[in-house]
Amino acid sequence: MNRDSGGIVWHSKLYNDSLTPKTAKIFNRRSSFSESSSGLDTTELWTDSPWPARNNVCFTSLNSFMERCNDVLELVQTTQHFEMLTCTAEVGGAGGNSLDSQVKEIHLKFLEAVRSFQQMPHDVLNANETQEFEREFFAFRSVIRDLEHNLADVMRQSFKQCWDTRAKLRLLEVFEGISGRELVQTNLRDTFTTLVHGFTQELLDMRTFFESHMDSPPAYPHLPPVANKLLWLRGFKIHIQEPMSRLHRVSPASLKGDEGWRLRDTYSDIIKDIEKCEAETIRHWQSTMEPELRTKLKQPLLISEPESEGSRPTLHVNFDPELMLLLREVHYLGGETILGTSSRPCPCTAEINR
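Predicted, not measured: the structure shown is a model, and the values here were computed from it. (Residues numbered from 1 in each chain as written. Predicted model: local features only at pLDDT ≥ 70, side-chain atom pairs only at ≥ 80, totals over all residues. Heavy atoms only, no water.)

## Points about the overall build of the chain
In plain terms, the rule: Secondary structure elements are defined from DSSP: runs of H or I of at least 4 residues count as helices, runs of E of at least 2 residues count as strands, and each element is numbered from the N terminus. Each residue gets one of three labels from its accessible area relative to the maximum for its type: buried under 20%, exposed over 50%, partly exposed in between, using a 1.4 Å probe on protein chains only. Whether two residues are in contact is decided by their heavy atoms: any pair within 4.5 Å suffices. Here, Shrake-Rupley sampling with a 1.4 Å probe gives the accessible areas, and only protein chains in the shown set may cover a residue.
The number of helices and strands found in the chain is 13 helices and 6 strands. Put simply, the chain has 354 residues, and 34% of those count as buried. For the chain, long-range pairs separated by at least 24 residues make up 68% of all intrachain contacts whose partners lie at least 6 apart in sequence. Taken as a whole, the chain presents about 22300 Å² of accessible surface, with 53% of it coming from carbon and sulfur.

## With respect to the pattern of salt bridges
How we decide: We define a salt bridge as a contact between a side-chain nitrogen of Lys or Arg and a carboxyl oxygen of Asp or Glu at a distance within 4 Å.
Scanning the entire structure with this criterion turns up 15 salt bridges. A salt bridge links E242 to R166; its shortest N-O distance comes to 3.6 Å. Of this pair, E242 sits in helix α10 (residues 225-250) while R166 sits in helix α7 (residues 165-174); the two residues are 76 residues apart in sequence, bridging distant segments of the chain. For E242, a relative accessible area of 32% gives the class partly exposed.

## A few points about a nonpolar patch on the surface
Stated formally: For patch detection, residues must exceed 30% relative accessible area and be free of salt bridges, and they are connected within 9 Å for like charges or within 5 Å for nonpolar side chains (Val, Leu, Ile, Met, Phe, Trp, Tyr).
On the surface, a cluster of nonpolar side chains totalling about 780 Å² of accessible area is made up of L297, L301, L302, L315, V317, F319, M324 and L327. In this fold, L302 is placed in strand β5 (residues 302-305). Under the relative-accessibility criterion, L302 is labelled partly exposed at 46%.

## Quick look at the nonpolar core
For the record, the criterion: Only buried residues count toward a nonpolar core, which is a set of Ala, Val, Leu, Ile, Met, Phe, Trp, Tyr and Cys residues joined through side-chain atoms within 4.5 Å.
In terms of nonpolar packing, the biggest core is built from 62 residues, with F82, F140 and I240 touching the most fellow members. Those elements that place two or more of their residues in this core are α3 (60-83), α5 (97-118), α6 (131-160), α7, α9 (189-213), α10, α11 (257-297) and α12 (321-333). In this structure F140 touches L75, T78, F110, A113, V114 and F117, once residues within four positions along its chain are discounted.

## Let's talk about the packing of α7 against α9
Rules: An axis is simply a line fitted to the C-alpha atoms; with a helix, the fit covers only the stretch in contact. Between two such axes, the angle follows the N-to-C directions and lies from 0 to 180 degrees. We call two directions roughly parallel when the angle between them is under 35 degrees, roughly antiparallel when it is over 145, roughly perpendicular when it lies between 65 and 115, and oblique otherwise. For any pair of crossing helices, the crossing counts as left-handed if the nearer helix is rotated counterclockwise from the farther one by less than a right angle, and right-handed if it is rotated clockwise.
Remark: α7 packs on α9, axes separated minimally by 10 Å, with the N-to-C direction vectors making an angle of 140°. The orientation of α7 relative to α9 falls into the category oblique. Note that α7 runs across α9; the crossing there is left-handed. Residues T165, R166, K168 and L172 of α7 touch α9, and the partners they reach there are F192, L195, G198, F199 and E202.

## Focus: the side chain of K229
Note the cut-off: Asp and Glu are treated as the negative residues and Lys and Arg as the positive ones, with His and the ends of the chain left uncounted.
Its place among the elements puts K229 in helix α10. In this structure K229 is buried but unpaired, with D215 as the nearest side chain of opposite charge at 4.5 Å. When neighbours within four sequence positions are excluded, K229 is seen to be in contact with M214, P217, C277 and T281.

This is how it looks when you write it as structure tokens:
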């Protein structure tokens, strides 16, 4: 709503029903907005005045310019994606000399298409000159479609050389940008489906491994049992989260569809199981260790050996092995190393400091 010192100028909402003053109604320019509207009937003051449809002739120039901006945006994104192929070929990311040579050839053809498009003498943002731009842009897109087909073939051959999910994700990262283009995604739909299916099967195998080793995890050197289990759980969760986050970044379209839903459900279930096991382990340790530690700390620091014939009483330091184990657990679990940063202090640490 805009208004000046004399009242309302207009009141409108773009592409929606709006209210505008009737032309027959004259406002007093000396009165304020509140004064002019307080004593007037709203039905007499306003009338419906919707904006024209978007395809109306008055929006022809605006619509043409918006379409041209979308074309230029597509041109910039395509250039950005194909420029990454230079680094891909230089580092040997395609998986072999022959495949790298094909990538270089595709990049050279792309540069030729760009140079041909740049020879157009007119301004690309000038929406009034549409025929020449559309002709040149159509030729450019035709070349890009052929190159995308060739790139899809190269990526399909490269996928065959990958031995596991992480290697395939690394390949997608090498071709990041290109691998997300619609035509490449369409040509590699079966490959992405195989990737998602294989990743799901790996998660199921890891879940089986987790359930079989949950109560007796592999031992880390010099770690007490509870800290050892929590560290194993934390590493196991990171081992699962890392490839999932990479897949979500480089190929979010793979997580759609039935296979994608199955992968996400499997991933969510195993993460919940790990976090549940982690929380139960910490809760059980906090509930059982505190009274036991309190009892151990009340024991004397020195103990005397019973006096024998011909020898004096001997004092020994009371190094209780169970107490030492509890103190080691407190050292690891009471800090930030395994439990993470927390404003709530560990109860066992508070008991020791008391």
